[in-house]
Amino acid sequence: MADEKLTPQSENFSEWYNQIVQKADLADYAPVRGCMVVKPYGWALWENIQQALDKRFKATGHVNAAFPLLIPMSFFEKEKEHVEGFSPELAVVTHGGGQPLEEPLVVRPTSETIIGYMYSKWVKSYRDLPILINQWGSVVRWEMRTRLFLRTLEFYWQEGHTVHATPEEAQAETRLMLDTYYDFAVNEGAVPVIRGRKSETEKFAGAISSWSIEGMMRDTRALQSGTSHYFGQNFSKAFDIKFLNQKNELEFAYTTSWGMSTRFIGAIIMTHGDDQGLILPPRLAPIQLVIIPIYRDDAEQSAVMPVVERVRQTLAETFRVHVDARDGLTPGFKFNDWEMRGVPLRIEIGPKDVEKNSVALARRDRPGKAGKTFISQEALVPAVSEALKDIQASLLARAIAFRDEHIFDVQNYAELTDAVQKGWAFAWWCGDPACEARVKEDTRATSRCIPLDQPGGKGVCVVCGKSASEKVYFARAY
RNA sequence: CGGGGCGUGGCUCAGUCCGGAUAGAGUGCACGGUUCGGGUCCGUGAGGUCGGCGGUUCAAAUCCGCCCGCCCCGACCA
């Protein structure tokens, strides 16, 4: 329940975020440090995200399966970089049934190892390939500093794990899923993201290359919102995933993995939200429009409610509709309440509307009376349809404009250090981790990704001055 | 894990420095009435072992010790 005013973004963005998560009824703190409870409204949003992604996975030939939560500790020791990357954040089960376990079990922080083990049993021939499996579930990583949705000890996600006969095919898969995430983020979430390759220091533990989509939040910090990894034969060698190729030669397979998590809810919040609360993109919003009946007494109520019900039924055939019939709350209160929850459209129906056969239609992305129009009840379905599309497009356009205003094409180190204080820096970089490290040391900004879209040509590294053939984004990140 | 802050009805907090009687306020919640086109108003009521454990004291929300948790800022990460 939206009981009090929100801390303005400009005053304290962190505080704004923490408050909105709770006031918009998305999630709450669990009794264990760093864990969250996703509340029904937040979960409904997640379900819409899941559906939009799952539809895309299925459309590209993937199938869902489920692998176990507990993984033998020894599995993690099979891939050197993987264990080094994950061991600091593993939760380990040492007892079961009141007895110490012979081998400790790790609560999965990601499932490459257990899935790799299974794949080694399943893959015998090139005819078994490709394997294109996705899993919806949760994982546990013992993070030090946590925030609801952005970093919790346990989080919900999907992880795709695929096996291919050739490096080219596996690389194409990695890229396909990166593009899938991009399409989802932009077209469903209205979250403009930049696709790119991770630097050596930023890539996934055990990957040959990692790719990500990076979004800019309204405090200009970057949020990695989805990742896709190419493993080459790293995991197939560690887990002995071999197949006979068409020439009857035994060969290690090529694997990939890719994931997107409840963190994306954080991206939606911090991309679109304002000082009134959440703003949800219509395509993902659990409630696309809320109807608020307005009446003063029983007579007006009995005149208004049948119209409300008729309008609700008409709209519910096409849209996700909710009627706020709570008694004893003023309309004004309800307006604010649903604005806090980010519902894209609001319809008000009162005595005047009953008389004039109209409704008031208010857009969440245009606060106050500016976003309010009166339309006839007959024209409602096309008007709502139009408005939702327009809101979806406006949110994206606004986020793109904000992002582009805060990306600075920098030519030297001084410009870079300045740029990362007020946005992202786009800079030539030689690829040397030492240059990356220096930027981080000096500014706390890290390399986010080397974008797919490159200007071409050559330049000089803004850190060391050596020749550079690629440009990279540096930003402070979540 | 280092630095800082905080822990008192559901929530936000006062009271703690300087120990003392039935521990307060606002908000929320329940009920009744009133109101309702941008956060109505009035009344009645429920709700707290003052984060936990231990110590000092005739007496602890208040002083001391230990522990736990949360938030903010750093080192690490989806």
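Please read all numbers here as calculations on a predicted model, not as lab measurements.

## A look at the side chain of Glu 188
Within the fold, Glu 188 resides in the loop between α6 (167–187) and β9 (193–197). A polar contact is formed between the side chain of Glu 188 and the side chain of Arg 56, at a distance of 3.1 Å. Polar side-chain contacts of Glu 188 include one of 2.9 Å to the side chain of Arg 283.

## Regarding the domain arrangement of chain A
The assigned domain composition of chain A is domain 1 (13–272), domain 2 (289–389) and domain 3 (408–475). Computed over C-alpha atoms, the centres of domain 1 and domain 3 are 27 Å apart. Listed as interface residues are 20 residues of domain 1 and, on the opposing side, 16 residues of domain 3. When domain 1 packs against domain 3, the two sides together hide about 1400 Å² of surface, and 60% of this comes from carbon and sulfur. For the pair domain 1 and domain 3, the number of links is 3 salt bridges. Residue Arg 197 is joined to Glu 470 by a salt bridge in which the shortest nitrogen-to-oxygen separation is 2.8 Å. For the pair domain 1 and domain 3, the number of links is 9 residue pairs in polar contact (both at pLDDT 80 or more). A total of 5 residues in the side of domain 1 that touches domain 3 trace back to one element, the largest contributor, which is strand β10 (residues 209–216). A breakdown of the residues in the side of domain 1 that touches domain 3 according to their chemical character gives 5 nonpolar, 7 polar and 8 charged.

## Quick word on empty space enclosed by the protein
Tallied over the full model, the rule gives 3 cavities of 30 Å³ or more. In this model, the largest cavity occupies a volume close to 90 Å³. If you go around the largest cavity, the residues you meet are Glu 112, Ile 115, Gly 116, Tyr 119, His 161, Thr 162, Val 163, Phe 231, Phe 235, Ile 241, Thr 255 and Thr 256. For the lining of the largest cavity, the elements supplying multiple residues, two or more each, are α5 (112–122), β8 (154–164) and β14 (254–261). Tallying contributions element by element places α5 first for the lining of the largest cavity, with 4 residues. Its residues assigned to classes, the lining of the largest cavity comprises 6 nonpolar, 5 polar and 1 charged. By volume, the second largest cavity is sized at about 60 Å³. Listed by contribution, the elements that provide at least two residues to the lining of the second largest cavity are α10 (331–340), β17 (345–349) and β18 (358–363). A per-class count over the lining of the second largest cavity returns 7 nonpolar, no polar and 4 charged.

## Describing the packing of aromatic side chains
Following the criterion strictly, the structure yields 19 aromatic pairs and no others. Ring centres 6.1 Å apart and planes at 40° place the aromatic pair Phe 67 and Trp 122 in the tilted group. Taken together, the positions of Phe 67 in the loop between β3 (63–64) and β4 (70–72) and Trp 122 in helix α5 put the pair 55 residues apart, joining distant regions of the chain. Under the relative-accessibility criterion, Phe 67 is labelled buried at 9%. Judged by centre distance (5.8 Å) and plane angle (50°), the ring pair of Tyr 119 and Trp 122 falls under tilted. Separated by 3 residues within a single helix, Tyr 119 and Trp 122 lie in helix α5, roughly one turn from each other. Under the relative-accessibility criterion, Trp 122 is labelled partly exposed at 39%. Joined through ring pairs, the aromatic side chains of Phe 75, Phe 86, Tyr 117, Phe 204, Phe 231, Phe 235 and Phe 239 make up one cluster. Residue placement shows Arg 346 over the ring face of Phe 335; its charged tip is 4.0 Å from the ring centre. Geometry around Tyr 413 places Arg 438 over its ring, the cationic atom sitting 4.1 Å from the centre.

## Quick look at the pattern of salt bridges
By the definition in use, this model includes 34 salt bridges. Among the salt bridges present, the one from Arg 312 reaches Glu 309, with a minimum N-O distance of 3.0 Å. Of this pair, Arg 312 and Glu 309 both sit in helix α9 (residues 298–316), 3 residues apart, which is roughly one turn of that helix. For Arg 312, a relative accessible area of 27% corresponds to the partly exposed category. Residue class for Glu 309 comes out partly exposed when judged on its relative accessible area of 32%. Taking the shortest distance from any N to any O, the salt bridge between Asp 442 and Arg 438 comes out at 3.4 Å. A residue pair is termed a helical-turn pair when its members lie 3 or 4 positions apart in one helix, as Asp 442 and Arg 438 do in helix α14 (residues 433–443) at 4 residues.

## Examining the protein's contact with RNA strand B
Taken together, 45 residues form the shell around RNA strand B, and within it Arg 33, Arg 151, Arg 263, Thr 330 and Arg 444 come nearest. In the model, a base nitrogen of RNA strand B is placed 2.6 Å from a nitrogen or oxygen of the Thr 152 main chain. Here a base oxygen of RNA strand B and a backbone polar atom of Gly 350 are 3.4 Å apart. The element contributing the most residues to the surface near RNA strand B is α10, with 6 residues. Its residues assigned to classes, the surface near RNA strand B shows 16 nonpolar, 11 polar and 18 charged.

Each value, and the rule that gives it
- Residues numbered from 1 in each chain as written.
- Chains lettered and ligands numbered in written order.
- Predicted model: local features only at pLDDT ≥ 70, side-chain atom pairs only at ≥ 80, totals over all residues.
- Heavy atoms only, no water.
- Helix = DSSP H or I, 4+ residues; strand = E, 2+ residues; numbered from the N terminus.
- Polar contact = N/O pair within 3.5 Å; in protein donor to acceptor, adjacent residues only side chain to side chain.
- Domains from an automatic or database assignment.
- Contact = heavy atoms within 4.5 Å.
- Buried area = accessible area lost by both parts, 1.4 Å probe.
- Salt bridge = Lys/Arg side-chain N within 4 Å of Asp/Glu carboxyl O.
- Nonpolar A, V, L, I, M, F, W, Y, C, P; charged D, E, K, R; others polar.
- 1 Å grid on protein atoms, 1.4 Å probe; cavity = no way out; pocket = protein on both sides within 12 Å on 5 of 7 lines; lining within 4 Å.
- Points joined across faces, edges and corners; volume = space filled by probe spheres on them.
- Phe/Tyr/Trp six-rings, centres within 6.5 Å; stacked < 30°, edge-to-face > 60°.
- Buried < 20%, exposed > 50% of the residue type's maximum accessible area, 1.4 Å probe, protein only.
- Lys NZ or Arg CZ within 6 Å of the ring centre and 35° of its normal.
- Near = heavy atom within 4 Å.

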